[in-house]
Amino acid sequence: MVQIIAFANQKGGVGKTTTAVNIGASLATIGRRVLLIDLDSQGNAGTGLGFVRTAHKQSVYGVLLGTSKPSENILTTAIPNMHIMPSTMQLADAEVELMDLERREYRLRDALTQIAQHYDYILLDCPPALGLITINALVAANYVIIPMQCEFYALEGITHMVKSINEIHNRWNPELEILGVLLTMYTKQYGMTRAVDEDVRKKFGDTVFKTIVPRNVRVAEAPSHGKPALFYDFNSPGAQAYLRVATEVVQKIEQGA
Ligand SMILES: Nc1ncnc2c1ncn2[C@@H]1O[C@H](COP(=O)(O)OP(=O)(O)OP(=O)(O)O)[C@@H](O)[C@H]1O
Ligand SMILES: [Mg+2]
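The sections below set out a description of the structure shown in this document.

Rules used throughout
Residues numbered from 1 in each chain as written. Chains lettered and ligands numbered in written order. Predicted model: local features only at pLDDT ≥ 70, side-chain atom pairs only at ≥ 80, totals over all residues. Helix = DSSP H or I, 4+ residues; strand = E, 2+ residues; numbered from the N terminus. Rg over C-alpha atoms; globule rule 2.2 N^0.38 Å. Buried ≥ 20, exposed ≤ 12 C-beta atoms within 10 Å, placed from the backbone. Contact = placed C-beta atoms within 7 Å. Near = placed C-beta within 6 Å. Nonpolar A, V, L, I, M, F, W, Y, C, P; charged D, E, K, R; others polar. Pairing = 2+ DSSP bridges. Core = buried A, V, L, I, M, F, W, Y, C linked by C-beta atoms within 7 Å. Expected span 1.5 Å × (residues − 1). Axes fitted to C-alpha atoms, helices over the stretch in contact; angles between N-to-C directions. Parallel < 35°, antiparallel > 145°, perpendicular 65-115°, else oblique. Arc of directions from axis to C-beta. Right-handed = clockwise from strand over helix to strand, strands pointing away.

**Overview of the overall build of the protein chain**
- Helix and strand counts for the protein chain stand at 11 helices and 7 strands.
- Here the protein chain has a C-alpha radius of gyration of 17 Å; the compact-globule value for 257 residues is 18 Å, and the two agree.
- When the backbone C-alpha atoms are referred to their principal axes, the protein chain occupies close to 50 × 40 × 35 Å.
- Looking at the protein chain residue by residue over its 257 residues, the buried ones come to 48%.
- Restricting to contacts in the protein chain with at least 6 residues of sequence separation, those with at least 24 account for 76%.

Okay, here's the thing in structure tokens:
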């Protein structure tokens, strides 16, 4: 059965896209069939896999609006086992256009049933907002991963995010579960990041991934080469951390650990 994981946090720049791309590449590398869906009009997930946003007509936009089939909007990537449904700038209009459509919260969920059987994992990279696009992702998903940056106000943001996820769970998607909170861009030298780490584990316990993703220049450089960190610098601390996170994902989902 396909596992659908949304990467969501209403806060911008916390590592959602980086995490979706790198967990995706890691899962593909260990033999899982992966589809990454770029739900952000910024198109960063596509860029991170070497696609130029203006150079393809394929987009999740038409899939959400119901004007185009999912299968017509999937591109193969340079990574074996990994496909992408990219976004285009037009996706920015979808937030408003979805408002008047029937089953507006279920558009993505309904569309994905057509292609689900081809994949082991479908990963949804959400925009930094809790609008209809993110709601569509959280209604389609069975799990959500919340990446968070280790900084002072982060915990407040996560608490808010968890409340929103609970509302979506209660209203539209009783299957939705938080798979984990993932600490990203960790810098050991800053005492404050350690304090955030302790606080978040106190509050969320085992829901927090054991692996912490360090701030690592190779992770930041990789998208400019159109590659996930694992394919840009396999041995870099960032790439190895994401490989460990992917292993935790597999353990939690496939082995129920
Ligand atoms: N572990 C890391 N080490 C160094 N840089 C990182 C790391 N993770 C992410 N970054 C960088 O931080 C920036 C924000 O990351 P990313 O785009 O993944 O966040 P996001 O939550 O998807 O942002 P948005 O909310 O805008 O979609 C990017 O420039 C990315 O390259
Ligand atoms: Mg992003």
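**Remarks on the environment of serine 71**
- Its place among the elements puts serine 71 in the loop between α3 (60–65) and β3 (75–76).
- By C-beta crowding, serine 71 is classed as exposed, having 12 other C-beta atoms within 10 Å.
- Here the alpha-carbon distance between serine 71 and methionine 85, two residues 14 residues apart in the chain, equals 9.0 Å.

**Comments concerning the site of ligand 1**
- Around ligand 1 sit 19 residues in total, of which Gly12, Lys16, Thr17, Thr18 and Pro128 are the nearest.
- Looking at the shell around ligand 1, the elements that each hand over two or more residues are α1 (16–29) and α9 (217–221).
- With 3 residues, the top contributor of residues to the shell around ligand 1 is α1.
- Of the residues assigned to the shell around ligand 1, the class counts are 7 nonpolar, 9 polar and 3 charged.

**Some words on the sheet that holds strand β7 (residues 177–184)**
- The strand order β3-β4-β2-β5-β1-β6-β7 describes an open sheet built from 7 strands, whose pairing is mixed. This sheet does not close on itself; its edge strands, each paired only once, are β3 and β7.
- Where strand β1 (residues 3–7) meets strand β5 (residues 121–125), 5 bridges bridge the pair, whose relative direction is parallel. Bridge assignment links glutamine 3 to a residue of β5, and that residue is tyrosine 121.

**As for the nonpolar core**
- Ile5, Leu123, Leu124, Ala137, Leu138, Ala141 and Val144 are the most contacted members of the largest nonpolar core, which has 80 residues in total.
- Apart from the residues lying within four places of it in its own chain, the contact partners of alanine 137 are Ala6, Ala8, Leu39, Leu108, Leu124 and Cys126.

**What to know about helix α11 (residues 237–254)**
- Under the 1.5 Å per step criterion, the end-to-end length of α11 is 25 Å for 18 residues, consistent within 8% with the ideal 26 Å.
- Contacts made by the buried residues of α11 are with α1, β7, α9 and α10 (229–232).
- Phi turns positive one or two residues past the end of α11, at glycine 256, with a value near 60 degrees.

**Quick look at the packing of α1 against α11**
- Their axes nearest at 8 Å, the elements α1 and α11 cross at an angle of 70 degrees. Regarding the angle of α1 to α11, the classification is roughly perpendicular. In this structure, α1 contributes Asn22, Ile23, Ser26 and Leu27 to the contact, and α11 contributes Tyr242, Leu243, Val245, Ala246 and Val249.
- Taken together, the residues that form the contact of α1 with α11 break down as 7 nonpolar, 2 polar and no charged.

**Re the pairing of strand β2 (residues 34–38)**
- Most of β2 is tucked away: 5 of the 5 residues are buried.
- As judged from the 4 bridges shared by β2 and strand β4 (residues 82–85), these two strands associate in the parallel manner. Of the residues in β4, the one forming a bridge with leucine 36 is isoleucine 84.
- By the bridge criterion, 5 bridges tie β2 to β5 in an arrangement that is parallel. Residue leucine 36 lies in a different strand from β5, and its bridge partner there is leucine 123.

**Focus on helix α7 (residues 154–171)**
- The first and last C-alpha atoms of α7 sit 26 Å apart over 18 residues, in line with the 26 Å expected at 1.5 Å per residue.
- Looking only at α7, the buried set comprises Ala154, Ile158, Met161, Ile165 and Ile168. The arc enclosing the buried residues of α7, seen along the axis, measures out at 80 degrees, which places them on a common side. In α7, the exposed positions angled more than 90 degrees off the buried face are occupied by Glu156, Thr159, Lys163, Asn166, Asn170 and Arg171.

**A short note on the pairing of strand β6 (residues 143–149)**
- Among the 7 residues of β6, 7 are classified as buried, and the element is accordingly described as predominantly covered.
- Alternating residues of β6 divide into Tyr143, Ile145, Pro147 and Gln149 and Val144, Ile146 and Met148, and every residue in both groups is buried.
- Relative to β7, β6 runs parallel, the two sharing 7 bridges. Bridge pairing in β7 links glutamine 149 to threonine 184.
- In this region the chain leaves β6, passes through α7 and returns to the parallel neighbour β7; the handedness of that crossover is right-handed.

**Side note on the environment of phenylalanine 234**
- Within the secondary structure, phenylalanine 234 sits in the loop between α10 and α11.
- Linking phenylalanine 234 and proline 70, residues 164 residues apart in sequence, is a C-alpha distance of 32 Å.

Remember, this is a structural readout, not a statement about activity or role.
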